[in-house]
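Listed below, chain by chain, are the residues.
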Amino acid sequence: MSTAPIPDKPALEGLESKWGAVWESDGTHRFDRDRATRDNIYSIDTPPPTASGSLHIGHVFSYTHTDVIARFQRMRGRSVFYPMGWDDNGLPTERRVQNYYGVRCDPSLPYEADFTPPFEGGDGKSTKAADQKPVSRRNFIELCEQLTREDEVQFEKLWRDLGLSVDWTQTYRTIGEEALFTSQLAFIRNVERGEAYQAMAPTLWDVTFRTAVAQAELEDREQPAAYHRVAFHKPDGGTIEIETTRPELLPACVALVAHPDDERYKPYFGTTVTTPVFGVEVPVLAHHLAQKDKGSGIAMICTFGDVTDVVWWRELDLPNRAIMGFDGRIIADAPDAITSEAGLAAYAELAGKTVFSAKQAMVDLLRASGELIGEPKKITHPVKFFEKGDKPLEVVSTRQWYISNGARDEALRAKLLENGQELVWHPDFMRVRYENWVGGLTGDWLISRQRFFGVPIPVWYPLDADGNPVFDEPIVATQDLLPVDPSSDAAPGYDESQRGQAGGFVGEHDVMDTWATSSLTPQLAGGWERDPELFELVFPFSLRPQGQDIIRTWLFSTMLRAELEHGQRPWDHTTLSGFIVDPDRKKMSKSKGNVVTPADILETHGSDAVRYWAASSRLGTDAAFDPQNPTQIKIGRRLAIKLLNAAKFIHGAGDAGDASVTNSVDLSMLASLSEVVHQATIALDNYDHARALEVTEAFFWTFCDDYLELVKERAYGGADAEKESAVAALHTALSVFLRLFAPFVPFATEEAWSWSNEGSVHVAAWPNEVEIPGAEDGVTAVLDLASRALTAIRRAKTDAKVSQRTPVISAVIAGTGEQVGLLKQAASDLAAVGRIAALDFAEADDLAVTDIVLETVPES
């Protein structure tokens, strides 16, 4: 890339496409593996955005923070490994595909070759489930892959427009072949080490469709109900009364729970009570989710009435006494905790009944025992439904896969906390969120999901002579078979004809939780078990940037998987961005409908301006964004334009050649600039991009408003030695400023850099303060005092209501002896810019410009 001509009127428009194409063709941001060593590598575990729908302004905000650091490290001479992933697998993709193509998945259907969906581009909001065409799982997955690839193309274009210095040859998909291999291999290793296991667990269940339901498929519907006040018996003969809308679940009661601060129930925490009718002893416990102002302020925990029961069950480590069957009826066998004849007889009256009939029977039993207090109080309240269903959801127990996470392993918990201490957090106060999460774990990580578009769990089960699955003897895939889909690939040692047959096998239909794949992003991006040499270079990664809201999910789960597989933390540093909030300080989110998409903003204001806005906010701090009045973006645009204009002005003064900087004002400016470089470098080394931008920008405006004004006469027409000093100082400053601003406003800096340099500013060396001419002995006070004097001269002309170009017959600059001594070194520049014919100096207590005589104002 040779030097480019300077345009007559520099502009920001078109720079994104111009320089984006050059960077791509030149490989400016490409990871140079040949020169990479473990000592000079800088590797980034970049968050893979969900490739479903559209990006929003919050993505631009946080990804800019990462890119600033990536560009800085590249200019520091590091070999930067900066990949990009696409988080394809997950519920948002499934929902989008259903709506977009008008289909729904039915795993019982056969694959249809050359399938054409009913339509493309629908929003699905008016599409009923009955109107969606059922398709096979394989057809559904193909549509998922098709749509996510289309989304990825649009996402990549936006990232390129924003100027992310990602190496686009280093990309991955969380549902691609490599991701399937990596996720399944890690799971197999977990099984081999005893870290992954099966257990019965609660699942949201639609009794009509006989299917598990994911959170994204839920909707609340107002339903009639009634509060039943029921008496539990204390050991001293008294009672504790609770109110419930689900009396039929009394046989499944495992505890009572109240808020820790509720003075009414504090004396009972740690004691037990006996359930009405069934006579089962259960504990009274405290939990922050209990509501003091709801009902009697104390609730019964049943397995399981709703999702809150599930939370309480997990976090309080309670037993499972589930009584609800997959068909929505009370199961035949009573929980083991019911042992009395009366209790068993009462349960027999409920067994086999639907929820509605069981509720009526239970109320009759409570009335007969005298433990129903008063009559039920009718209410309406929101109830969870499957969006396609017509009956309220139940919570049933199903067989699920778990991974140990330290909840029941103190040694693992301690190691995870130790790894969190070793990790450098930016900002540091975010660390406590991780520590609180790890310290509060009460159950292992449930990773199996009853979905379609995800990484299949690589397991089959043998069928016994009666055709029943032997779940306790899973057939786990071996590494050489990966990636594998047990729903379509035969189990090792069997052939496809034996699928579903007695003595044959059945494949696991569940897929892994999306976090079970996302928790392996260092391994996915780094080529674990696929490219050992690369993985050795990049792991542990230098940086994990992410949102503060997923510390307990993504950050923790990645830390866990790295500890289980490698025995160490996966990164050296983590940066946590804040949220984007609207003008009312509400977090922007799709669910709230206040999301702003970035494409129009980038086009209207330019990428450099938007990046400036993002980089102005510190890590961990929320930033307000008003699309109607984006003040910070406008300031960023003004800065980028000023950079171009300042560069054009400096080049207009001529080439510096081999000239030296000798003038005191020039040396003072460079000494001040050297300090800016020092402060900005320290800030970026500490991941404080906002501070680096702040100090650089503040001095840049001083440079433009004061120094350029002071030296422009000398730079464009002074005596040879003085002119050469000014021109040399200007070119030195321009080179430094362009490199300092390059991570923040990459397009404007690249444009200005190209006017006098070959190659990209983004692979130029980061400025070093000790290499700036005169930095070691320059006096920074000269420029500061000259700037103050210049301001005073300008003010005097403004007060006199005359142009700044008005000549001055004479003026006196007064100050302390030290100030005068320094200011005399700037006398010629001050006289030139102020158009002062006779400039004199006098001693005073502080700096002031006095006795100004303007040509247009009489001396009197």
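Residues numbered from 1 in each chain as written. Predicted model: local features only at pLDDT ≥ 70, side-chain atom pairs only at ≥ 80, totals over all residues. Heavy atoms only, no water.

Quick look at the environment of Arg 691 now. Position of Arg 691 among the secondary structure elements: in helix 19 (residues 689–717). Classification of Arg 691 as partly exposed rests on a relative accessible area of 31%. When the C-alpha atoms of Arg 691 and Val 135 are compared, they prove to be 54 Å apart, with 556 residues separating the residues in sequence. Discounting chain neighbours no more than four positions away, the residues touching Arg 691 are Arg 618, Gln 679 and Ala 683. A polar contact is formed between the side chain of Arg 691 and the side chain of Gln 679, at a distance of 3.0 Å. (Helix = DSSP H or I, 4+ residues; strand = E, 2+ residues; numbered from the N terminus. Buried < 20%, exposed > 50% of the residue type's maximum accessible area, 1.4 Å probe, protein only. Contact = heavy atoms within 4.5 Å. Polar contact = N/O pair within 3.5 Å; in protein donor to acceptor, adjacent residues only side chain to side chain.)

So, about the pattern of salt bridges. All told, the structure shown has 49 salt bridges when counted by the stated rule. Among the ionic pairs, Arg 367 bridges to Glu 375, the shortest N-O distance being 2.8 Å. Residue classification places Glu 375 among the exposed residues on the basis of a relative accessible area of 54%. (Salt bridge = Lys/Arg side-chain N within 4 Å of Asp/Glu carboxyl O.)

Spatially, 3 strands are ordered 29-28-30 in an open sheet, and the strand pairing comes out mixed. Bordering the open sheet on either side are strand 29 (836–843) and strand 30 (848–854), each of which pairs with just one other strand. For this sheet the average axis-to-axis angle between neighbouring strands, irrespective of direction, equals 15°. In this structure, strand 28 (residues 808–815) lies alongside strand 29, joined through 7 bridges in parallel fashion. Directly across from Ser 810, in strand 29, lies its bridge partner Ala 838. Sitting on the sheet, helix 22 (residues 780–799) touches strand 28, strand 29 and strand 30, and the angle it makes with strand 30 is about 40°. Contacts between helix 24 (residues 827–834) and the sheet are confined to strand 28 and strand 29, with strand 29 contributing the most and set at about 130° to the helix. (Pairing = 2+ DSSP bridges. Axes fitted to C-alpha atoms, helices over the stretch in contact; angles between N-to-C directions.)

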